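Listed below are the residues making up each chain.
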Amino acid sequence: MTEHASAQAAVGAQLQWHSSLSSGDAATRVRPSPRVSAGATTVHLVNPSHLSFGVGVITPRWLFVLASATPASYGRPQITDETLEPFAVDALRPGDVVGIGIHTGNALRGYEIGMLARARGAVVVYGGIHATLYPDEALDLGGAHAVVKGDGDVVWAQVLEDAVSGTLQRIYEAGQVDADRFAPARWELLPAGRYMWGSVQTVRGCPKHCSFCSVWRTDGQKPRQRRVDAVVAEIVELRRRGFRFVALADDNFYPVALADLAMAERQHNVARLEQLRALRAERFELMERLAQLPPDMVFFTQITMEAAEDVAFLDAMRRANIKGALVGVEAVTPEGLKDVYKGFNDVGEALVTRLRTFRDHGVGVLGSFIFGLPSDRPSTFAATADIADRAGLAFAQFVMLTPYPGTVDFAAWEKSLGNNAARIGDIPVTRHWLIPQEKRPKVYAPHPVMSPDEIRARTQAVWDHFYSLRRIWVRSRVTPTIRARIAFVLLSKLYRQMYANTGIATDSARVNRANRWARLIARPCRYLFTARPLPDLQLPAAEGGAGVRARA
Ligand code: B12
Ligand code: SF4
C-alpha cells in the first residue's frame with residue numbers, strides 16, 4: 001500500500017469511527033501536541049491537491065501571506081503547492097509545524113496530509129474557508145492539533161508561539177482582521193517559472209448577499225479595503241520578477257455602487273456618505289497608480305454588474321490595465337435572479353447592453369452563469385447561450401448550482417434532506433467532500449423538473465457551443481496582435497478543459513482526458529504570460545510625489 005493510500009485508509013477509518021459526523025464531542029477531547037522549538041523547527045505550509053499539474057495558473061495567495069505572517073525566528077517557511085507537486089511528508093521531522101489551508105474541494109486531501117504529518121510527530125494546524133466552517137472536522141479527521149477560524153494574518157504568530165510554549169489551543173477564533181493588518185505576500189518565496197499569474201488582494205468582503213455564495217458570511221459584508229501603497233508595492237514586486245499578469249483576488253472590486261451613494265444621500269446619512277466616498281476615492285487612486293505601471297501589465301478581477309452604470313469607474317479600470325473581470329451574471333431571467341437573491345442584476349436586452357458596456361469601455365468580461373436554478377427550464381439553456389454570444393463576452397463559465405457549505409442554499413438543502421440524505425459508504429452526500437475523489441458524486445441542488453443528468457448534458461452543450469474554435473477565433477479579435485490572439489485561443493481552451501470537463505463531467509475517462517489536455521496546454525501557456533523581469537522597476541508615484549523603489 002502506498003503512503004497516499006494508507007493515509008486514505010486512515011482517514012476512512014476515522015470517518016467510520018466518526019459515524020455521526022457531528023461536531024459536539026470533539027470539543028472535549030484533549031490532544032497533547034509535540035514539543036516545538038523556535039530555533040529548530042521548520043514551518044511547512046501546504047496547499048493540498050489530489051492532482052499535480054507541474055505548472056499552476058494562479059498563485060495560491062494564502063501560502064505567501066501566511067509565510068509573511070511567520071516570524072523571522074522560525075526561519076524560512078517551506079511552501080508546497082500540491083497543484084505543482086505532492087508534499088514530501090517523508091522530509092518532516094518531529095516538532096515541525098505543518099499549516100494546511102483547505103477549501104471544500106481539497107479538504108479530504110488536506111486531512112490525509114494532516115494525518116500523515118501527525119504520525120511523523122509534526123504539529124498540525126488547519127486554516128482556510130473550509131476549516132473556518134467545519135473546525136471539528138479537521139480535529140476529528142485531519143489529525144489537527146489546532147484550527148484557525150478566519151484570517152490567519154495576525155493570529156499565526158500567536159499559534160506558533162503557543163506551539164513553542166506548549167499552550168496550543170484547539171480552536172483560534174481569528175475573525176476578520178482590519179485591512180491595515182493584512183499581511184503582504186512574500187513573493188520572494190515563489191518557485192521560479194511555475195505560475196502564470198500572480199494574485200494580489202485589494203479588498204476583502206462583499207456588501208451583497210447572494211444565496212449560493214459564502215463570501216459575505218465568512219469575509220463579511222463590510223468591504224475591507226487595503227491601502228493603495230501596500231497593494232502597489234506587491235504588484236511592483238511581482239512585475240520585477242517577470243509577472244505581467246496579476247489577478248486582483250477580490251470578492252468584489254466595486255464595493256461602492258452609485259446606488260449605495262444615492263441611498264446614503266436619500267437617508268441624509270452624512271457619516272456613511274463620507275465613508276463610501278472615501279472608499280470610492282481610494283479605488284480611483286489605486287487605479288491611477290496602476291495606470292503608471294509598465295503598459296504590458298494585465299490585471300483581472302471580479303466585479304458586480306452594477307459597475308456598468310459607472311462609466312467613470314470603467315474608464316479608470318481600462319487606464320489601469322484591468323483588462324478583464326469576472327461578472328456574476330448568474331441568470332438571464334428575473335425569476336432566476338430572484339432564486340439567488342441577486343435582483344440588482346439586469347435581464348434580457350438590458351443585460352446584453354450592460355455587459356457590452358464593459359467591453360465598450362475596454363474591460364473584457366468573463367460572464368459567470370449558473371444552471372439548475374429552480375426556475376430554469378430546458379429553454380433557459382439556449383436563451384443563455386444566445387445572450388452569452390451577443391453580450392460581447394471574452395470568456396464565459398457555465399456552472400451547475402452547487403450547494404456550497406456556508407451558503408444559504410446549502411443550509412436549505414441540508415435541512416430539506418434531514419436524516420434522509422443518500423449515503424456513499426458511511427458518508428451522507430451532505431458531506432460529499434469527505435467521499436474519496438474517485439467515488440465522490442457531483443452534488444447539485446435538486447431541481448423541480450429536470451434531472452441532474454439532463455442539466456449536466458445541457459450545460460455541457462452550452463460550453464461546447466461557446467468554446468467552439470470558430471467562436472473563440474472570432475472573439476479573439478478583441479486582442480491587438482497575432483501573438484495575443486494565439487494566447488487568447490490557448491487560454492480559452494485551457495479554461496474550458498480545466499473548468500468544464502473537470503468541473504462538470506462525471507465520466508472519469510473524460511476527466512482524465514481533460515486533465516492530460518490541461519497539462520499539455522498549460523506549459524506553452526506559461527511562456528505567453530511571462531515577461532522580462534524588471535528588477536529595477538520603481539514604485540509609481542502617489543499624486544504629486546516622485547517614484548520610489550519598492551521594498552526588497
Ligand atoms: C482568487 C480566487 C480564486 C482563483 C485563484 C485560486 C488560487 N489559486 O488561489 C480561481 C479563479 C482560480 C479560483 C477558483 C476556484 N474557486 Co475561488 N476564490 C478566490 C477568492 C476570490 C480569493 C482567494 C484568495 O486569494 N484570497 C486571499 C487569501 C489571503 O485569503 P484566504 O485564502 O481566505 O486565506 C486567509 C484565511 O482563510 C486564512 N488561511 C487560509 N489558509 C490557511 C492555513 C492556515 C494554516 C492558517 C492558520 C490560516 C489560513 O489565512 C489567510 C490570510 O488571512 C476566494 C474568496 C475569498 N475571499 O477568499 C474564492 C473562493 C476561495 N473560491 C471558491 C470556489 C468555490 C472556487 C472554485 C471551486 C470555483 C469553481 N466553480 O470552479 C474554484 C476552485 C479552484 C481550486 N481547485 O482551487 C470559494 C470556496 C468555497 C468553499 N467552501 O470552498 C471561495 C471562498 C469563493 C466563494 N464564492 O465562496 N478561486
Ligand atoms: S456572489 Fe459576488 S456579489 Fe454575491 S455575495 Fe458573493 S462576492 Fe458578493
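Residues numbered from 1 in each chain as written. Chains lettered and ligands numbered in written order. Predicted model: local features only at pLDDT ≥ 70, side-chain atom pairs only at ≥ 80, totals over all residues. Heavy atoms only, no water.

A. The arrangement of the overall build of the chain in detail. Counting secondary structure elements, the chain contains 19 helices and 19 strands. When contacts within the chain are restricted to residue pairs at least 6 apart in sequence, long-range pairs at least 24 apart make up 76% of them. Split by element, the accessible area of the chain, about 23200 Å² in all, is 56% carbon and sulfur. (Helix = DSSP H or I, 4+ residues; strand = E, 2+ residues; numbered from the N terminus. Contact = heavy atoms within 4.5 Å. Areas by Shrake-Rupley, 256 points an atom, 1.4 Å probe, with all protein chains shown as cover.)

B. Broad picture of the side chain of Asn252. For Asn252, the position within the fold is in the loop between strand E11 (245–248) and helix H9 (258–266). Engagement of the side chain of Asn252 in a polar contact is seen with the backbone nitrogen of Tyr254, the distance being 2.9 Å. Reaching out from Asn252, the side chain makes a polar contact with the backbone nitrogen of Thr304 at a distance of 3.4 Å. Other than its neighbours up to four places away in sequence, Asn252 contacts Val203, Cys206, Pro207, Gln302, Ile303 and Thr304. (Polar contact = N/O pair within 3.5 Å; in protein donor to acceptor, adjacent residues only side chain to side chain.)

C. Layout of helix H10 (residues 270–291). Its 22 residues give H10 an end-to-end C-alpha distance of 31 Å, which sits within 8% of 32 Å, the value for a rise of 1.5 Å per residue. Looking at H10, one finds that the buried residues are Leu273, Leu276, Leu279, Arg280, Arg283, Phe284, Leu286, Met287, Arg289 and Leu290. (Expected span 1.5 Å × (residues − 1). Buried < 20%, exposed > 50% of the residue type's maximum accessible area, 1.4 Å probe, protein only.)

D. Inspection of helix H16 (residues 452–466) at higher detail. Given a rise of 1.5 Å per residue, 15 residues ought to cover 21 Å, and the 21 Å separating the end C-alpha atoms of H16 matches this to within 8%. Buried within H16 are the following residues: Ile455, Arg456, Thr459, Gln460, Val462, Trp463 and Phe466. Considered in projection along H16, the buried side chains sweep an arc of 160° and stay on one side of the axis. (Arc of directions from axis to C-beta.)

E. Just the site of ligand 1, in detail. Lining the immediate surroundings of ligand 1 are 35 residues, of which Thr104, Gly152, Asp153, Asp219 and Asp251 lie closest. Taking His103, its side chain carries an N or O atom lying 3.2 Å from an oxygen atom of ligand 1. Within the side chain of Arg204, one N or O atom sits 3.0 Å away from an oxygen atom of ligand 1. Those elements giving two or more residues to the shell around ligand 1 turn out to be helix H2 (61–69), strand E4 (97–101), strand E5 (123–127) and strand E6 (146–150). The element contributing the most residues to the shell around ligand 1 is H2, with 4 residues. Classifying every residue of the shell around ligand 1 by side-chain character gives 16 nonpolar, 12 polar and 7 charged. (Near = heavy atom within 4 Å. Nonpolar A, V, L, I, M, F, W, Y, C, P; charged D, E, K, R; others polar.)

F. The arrangement of the nonpolar core in detail. With 112 residues, the main nonpolar core has Trp156, Ile303 and Met317 as its most contacted residues. Sorting elements by how many residues they give to this core places helix H8 (residues 228–240) first, with 7 residues. Ile303 has contacts with Asn252, Phe253, Tyr254, Phe313, Met317, Ala325, Leu326, Val327, Gly328 and Phe358, leaving out every residue within four places of it along the chain. Core analysis: the next-biggest nonpolar cluster, separate from the first, contains 32 residues, Ile100, Ala107, Val124 and Ala138 among them. (Core = buried A, V, L, I, M, F, W, Y, C linked by side-chain atoms within 4.5 Å.)

G. Region of the structure containing the sheet that holds strand E2 (residues 56–58). The 7 strands are arranged E2-E8-E11-E12-E13-E14-E15 in an open sheet whose pairing can be described as parallel. Of all strands in the sheet, those bounded by a partner on one side alone are E2 and strand E15 (395–400). Within this sheet the neighbouring strands show an average axis-to-axis angle of 25°, counted without direction. Relative to strand E8 (residues 195–200), H8 is tilted by about 165°, and along the sheet it contacts E8, E11 and strand E12 (298–303). (Pairing = 2+ DSSP bridges. Axes fitted to C-alpha atoms, helices over the stretch in contact; angles between N-to-C directions.)

H. Representation of the environment of Val352 in the model. Structurally, Val352 is set in helix H13 (residues 348–360). Considering only alpha carbons, one finds Val352 and Val332, 20 residues apart in sequence, at a separation of 9.6 Å. Leave out the neighbours within four places in its chain, and Val352 touches Ile387, Arg390 and Ala391.

I. Geometry of the pairing of E5. Most of E5 is tucked away: 5 of the 5 residues are buried. What you see with E5 is no split at all: Val123, Val125 and Gly127 on one side and Val124 and Tyr126 on the other are buried throughout. For the crossover from E4 across helix H3 (residues 107–119) to E5, the handedness is right-handed. Relative to E6, E5 runs parallel, the two sharing 2 bridges. Looking at E6, one finds that Tyr126 is bridged to Val147. (Right-handed = clockwise from strand over helix to strand, strands pointing away.)

J. Representation of the sheet that holds strand E1 (residues 43–47) within the structure. As summarised here, the arrangement of the 6 strands in space is E3-E1-E4-E5-E6-E7, forming an open sheet in which the pairing is parallel. The open sheet is flanked by strand E3 (78–81) and strand E7 (171–175), the only strands paired with a single partner. Within this sheet the neighbouring strands show an average axis-to-axis angle of 20°, counted without direction. Of the strand pairs in this sheet, E6 and E7 are connected by 4 bridges, and their pairing is parallel. Looking at the pairing, Val147 lines up with Ile171 of E7. Running over the sheet, H3 touches E1, E4 and E5 and is turned about 160° from E5. Strands E1, E4, E5, E6 and E7 of the sheet are contacted by helix H6 (residues 155–165), whose axis makes an angle of about 160° with E7.

K. The arrangement of the packing of aromatic side chains in detail. A complete count under the given rule lists 22 aromatic pairs for this structure. Between Tyr254 and Phe313, the aromatic rings sit 4.8 Å apart at their centres with planes inclined by 70°, giving edge-to-face as the arrangement. Taken together, the positions of Tyr254 in the loop between E11 and H9 and Phe313 in helix H11 (residues 311–319) put the pair 59 residues apart, joining distant regions of the chain. Neither residue differs from the other here; Tyr254 and Phe313 are each classed as buried. Connected via pairs of aromatic rings, a cluster forms that spans Phe369, Phe371, Phe381, Phe395, Phe398, Trp463, Phe466, Tyr467, Phe488 and Tyr495. Residue placement shows Lys208 over the ring face of Phe344; its charged tip is 4.5 Å from the ring centre. (Phe/Tyr/Trp six-rings, centres within 6.5 Å; stacked < 30°, edge-to-face > 60°. Lys NZ or Arg CZ within 6 Å of the ring centre and 35° of its normal.)

L. Structural detail: the confidence of the model for the chain. Taken residue by residue, the chain gives an average pLDDT of 89. The fraction at 70 or more is 89%. Segment residues 15–30 is flagged for pLDDT under 50; beyond a separation of four residues in sequence, or across chains, it makes 24 contacts in the model. Segment residues 546–552 is flagged for pLDDT under 50; beyond a separation of four residues in sequence, or across chains, it makes 19 contacts in the model. (pLDDT = per-residue confidence, 0-100.)

M. Layout of the pattern of salt bridges. Within this structure, the stated rule accounts for 29 salt bridges. Between Arg186 and Glu188 there is a salt bridge, and its shortest N-O distance comes to 2.7 Å. Residue Arg186 is classed as partly exposed on the basis of its relative accessible area, which comes to 22%. The salt bridge involving Arg390 is made with Glu349; its shortest N-O contact spans 3.0 Å. Residue Arg390 is located in helix H14 (residues 378–390), and its partner Glu349 is located in helix H13; the two are separated by 41 residues in the primary sequence. Look at Arg390 and you get partly exposed, because its relative accessible area is 30%. (Salt bridge = Lys/Arg side-chain N within 4 Å of Asp/Glu carboxyl O.)

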